[in-house]
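# Structural description and commentary
Chain by chain, the residues run as shown.
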Amino acid sequence: MEVRMTVSSVYIEREPLVAMLCAAIEVYPRECLGLVFGRKSSRRAPRHVITNVLNCAALTRHTTAEVVQSKRAGKRLYAFIDAVERLLPYIGFYHSHTEKTLRWQQFGFSHQDALTMSDADQFGIVLTVHPRTSRRLRWCVRSSHTRLRGSLGAFDFHLTAHALVRDAEGNCEKDDEGNWKTRRLPIEVAPQVLRALNRALV
Ligand SMILES: [Zn+2]
C-alpha cells in the first residue's frame, strides 16, 4: 500500500493568538488550559485554521506542573460544544508550560498531554512561558517552522503544535514504552501579525 501522509500546518489568526498569550499570563506561574476552534484541515486544504479560543475556568488541578479540567464542568462544556458544532467547530486544545528558567524539554508534549487527545484528528498547542531574559526575542517562526517565539511585556513565549502520529491505515502509533507517538506541526502566522507583535515589543 502506498503511504501518503499529508502534514497539516496550523494557521493562527491574530485574536486567538493574543488571547492565548493573555490566558497564559493571567495564571502564571500556574498552567492554563483552553479549547481551540476554527477549521479542521482536509485533503484539499491541509491546514488547521484557528479562529477562536476559549480559556477554561473550571480546573481541578491547576499547578505549575499540571492542569486538569473539572470532570463535571468538562462534561457540560463538551455537550454544549457538540450541540453548537456548526457554529463553533472544536479542533484542538492548548495549555501552557511554565518555568522560571527556560528548558528545551518544555516545548515537548508530555505523555499525559498526548493522553488527553481524545480524537486522532485533533492537535494540541503548548505555550511555554517564562520571565523575559535580558535579550528581547523578535517574533518569528523557528525550528523548521514548528516554533513561534517572541517576547511581550515581561515574558518570553514559545508556541508549538503537536499531533498524534498515525500509520497508513490511520491508527495512532505507540512507542516501545506504550506511549502515543506525537509530532510537531508546522506553524503559520500572517506576516502582518508578526509585524504587529514586533511593534509591541518594548
Ligand atoms: Zn503539558
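Every value quoted in this text rests on a predicted model; they were computed, and no experiment measured them. (Residues numbered from 1 in each chain as written. Predicted model: local features only at pLDDT ≥ 70, side-chain atom pairs only at ≥ 80, totals over all residues. Heavy atoms only, no water.)

## Observations concerning the pattern of salt bridges
Our working rule: Any carboxyl oxygen of Asp or Glu that lies within 4 Å of a side-chain nitrogen of Lys or Arg is treated as forming a salt bridge with it. Only DSSP runs of H or I covering at least 4 residues are called helices, and only runs of E covering at least 2 are called strands; the numbering of each starts at the N terminus. Here's how the labels work: a residue is buried when its accessible area is under 20% of the maximum for its type, exposed when over 50%, partly exposed in between, all with a 1.4 Å probe on protein chains only.
Summed over the entire model, instances satisfying the criterion amount to two salt bridges. In this structure, Glu-188 and Arg-47 form a salt bridge, with 2.9 Å as the shortest nitrogen-oxygen distance. Note that Glu-188 is positioned in strand S12 (residues 187-188) and Arg-47 in strand S3 (residues 47-55), a separation of 141 residues in sequence. A relative accessible area of 34% means that Arg-47 is categorised as partly exposed. As a salt-bridge pair, Lys-181 and Glu-173 come within 3.3 Å of each other at their nearest N and O atoms. By relative accessible area, Glu-173 is classed as partly exposed at 24%.

## Some thoughts on the packing of aromatic side chains
Rule in force here: The rule is short: rings of Phe, Tyr and Trp, with Trp giving its six-membered ring, pair when the centres are within 6.5 Å, and they are stacked under 30 degrees, edge-to-face over 60, tilted in between.
Inspection of the entire model under this criterion finds five aromatic pairs. Taken together, a centroid distance of 5.0 Å and an interplanar angle of 65 degrees make the contact between Tyr-28 and Phe-155 edge-to-face. One end of the pair, Tyr-28, is in the loop between helix H1 (14-27) and strand S2 (33-39); the other, Phe-155, is in strand S10 (residues 155-164), and 127 residues separate them in sequence. Where Tyr-78 meets Tyr-90, the ring centres are 5.9 Å apart and the plane angle is 50 degrees; that geometry is what we call tilted. Residue Tyr-78 is found in helix H2 (residues 71-83), and its partner Tyr-90 is found in strand S6 (residues 90-98); the two are separated by twelve residues along the sequence.

## Comments concerning the coordination of the zinc ion
Selection rule: Note that water is not among the atoms used; donors are N, O and S atoms within 2.8 Å of the metal (3.2 Å for Na, K and Ca), so sites may look incomplete. Key to geometry: four donors with every angle between 85 and 135 degrees are tetrahedral; four donors are square planar and six octahedral where opposite donors lie over 155 degrees apart and all remaining angles lie between 65 and 115; all other sites are irregular.
Bound to the zinc ion are the protein donor atoms His-95 (NE2), His-97 (NE2), Asp-113 (OD) and Asp-113 (OD), situated 2.1 to 2.5 Å from the metal. Because the angles between the four donor atoms bound to the zinc ion fall within 54 to 159 degrees, the donor set is best described as irregular. Considered as a linear motif, the donors of the zinc ion on their single chain read H-x1-H-x15-D. The exposure class assigned to His-97 is buried, which follows from its relative accessible area of 12%.

## Some thoughts on the pairing of S3
Quick reminder of the rule: For two strands to be treated as a pair, DSSP must find at least two bridges joining them.
Sheet analysis places strand S1 (residues 9-12) next to S3, joined by four bridges and oriented parallel. When the sheet's bridge partners are listed, Ile-12 is paired in S3 with Ile-50. Bridge count between S2 and S3: six bridges; the pairing is antiparallel. By the bridge assignment for S3, Arg-39 is matched with Val-49.

## Observations regarding the side chain of His-162
Quick reminder of the rule: What qualifies as a polar contact is a pair of N or O atoms within 3.5 Å, subject to a donor-acceptor requirement within protein and to the restriction that residues adjacent in sequence count only when both atoms come from side chains. In this analysis, two residues are considered to be in contact whenever any of their non-hydrogen atoms come within 4.5 Å of each other.
Looking at the secondary structure, you find His-162 in strand S10. Only 2.8 Å separates the side chain of His-162 from the side chain of Thr-160, close enough to count as a polar contact. The contacts of His-162, once residues within four sequence positions are left out, are Phe-107, Gly-108, Phe-109, Met-117, Phe-123, Gly-124, Val-126, Arg-183 and Arg-184.

## Topic: the pairing of strand S7 (residues 123-131)
In terms of burial, S7 is a largely internal element, eight of the nine residues being buried. By the bridge criterion, seven bridges tie S6 to S7 in an arrangement that is parallel. The residue bridging His-95 from the neighbouring strand is Val-126, located in S7. For S7 and S10, the ladder comprises eight bridges, and the chain directions are antiparallel. In the strand pairing of S10, Leu-127 is matched with Leu-159.

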